[in-house]
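Okay, here's what each chain looks like letter by letter:
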Amino acid sequence: HGQSLGSFMTGHIMQNRSVDGVILEATATTLPEVVSFKTPWYAVPFVRFSYEPTTLLINNAQAVSQYQQKSLVIIGENDDLFGAELGKKVFDAIP
């Protein structure tokens, strides 16, 4: 089970270990997409973000797209932390 930022650890575990099932709650696709979602449009020209290279390898949508066990994605339509659309991308990637 991974909630919010914890869902990225769950995605990492899904890609690297055999697990029987996962629950991703208030999840998102990638860290850069979360940062893009949270950065106000007026700040974009003035800020730059750098990421630890290993964090760029974690992609929850990719992880669930290759996952063949039971999975549950819980998304809140009013999620202002990650946005429902990022969680929906994860959900849509499930085979």
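Our subject is the structure listed above.
Below or above, wherever it landed, is the structure these notes cover. (Residues numbered from 1 in each chain as written. Predicted model: local features only at pLDDT ≥ 70, side-chain atom pairs only at ≥ 80, totals over all residues. Heavy atoms only, no water.)

Turning to the environment of Gly 11, a few remarks are in order. The topology assignment puts Gly 11 in helix α1 (residues 6-16). Looking at Gly 11, the relative accessible area reads 0%, which means it is buried. Placed 43 residues apart in sequence, Gly 11 and Thr 54 show a C-alpha to C-alpha distance of 13 Å. Discounting chain neighbours no more than four positions away, the residues touching Gly 11 are Asn 60 and Ala 63. (Helix = DSSP H or I, 4+ residues; strand = E, 2+ residues; numbered from the N terminus. Buried < 20%, exposed > 50% of the residue type's maximum accessible area, 1.4 Å probe, protein only. Contact = heavy atoms within 4.5 Å.)

Residue placement: Ile 94 occurs in the segment after α4 (84-92). Judged by relative accessible area, Ile 94 falls into the partly exposed class, the value being 25%. Sequence-wise, Ile 94 and Ala 63 are 31 residues apart; in three dimensions their C-alpha atoms are separated by 8.9 Å. When sequence neighbours within four positions are dropped, the list of residues in contact with Ile 94 reads Val 64, Ser 71 and Val 73.

The next thing to look at is the packing of helix α2 (residues 31-38) against α4. In a pair of packed helices, the angle between the axes and the distance between the axes together describe the arrangement. Relative orientation of the contacting elements α2 and α4 amounts to 155°, with a least axis distance of 10 Å. On the basis of their axis angle, the class for α2 and α4 is roughly antiparallel. Seen from above, α2 lies across α4 with right-handed handedness. Across from Glu 33, Val 34 and Phe 37 in α2, the residues of α4 making contact are Glu 85, Leu 86 and Lys 89. For the contact of α2 with α4, the class distribution of residues is three nonpolar, no polar and three charged. (Axes fitted to C-alpha atoms, helices over the stretch in contact; angles between N-to-C directions. Parallel < 35°, antiparallel > 145°, perpendicular 65-115°, else oblique. Left-handed = near helix turned anticlockwise from the far one by under 90°. Nonpolar A, V, L, I, M, F, W, Y, C, P; charged D, E, K, R; others polar.)

Pairing is parallel across the open sheet formed by three strands, whose spatial order is β1-β2-β3. Looking at strand neighbours, the two that pair on one side only are β1 (2-3) and β3 (70-74), the edges of this open sheet. Two elements, strand β2 (residues 21-25) and β3, share five bridges in a ladder whose sense is parallel. Note on β3: the bridge partner recorded for Glu 25 is Ile 74. (Pairing = 2+ DSSP bridges.)

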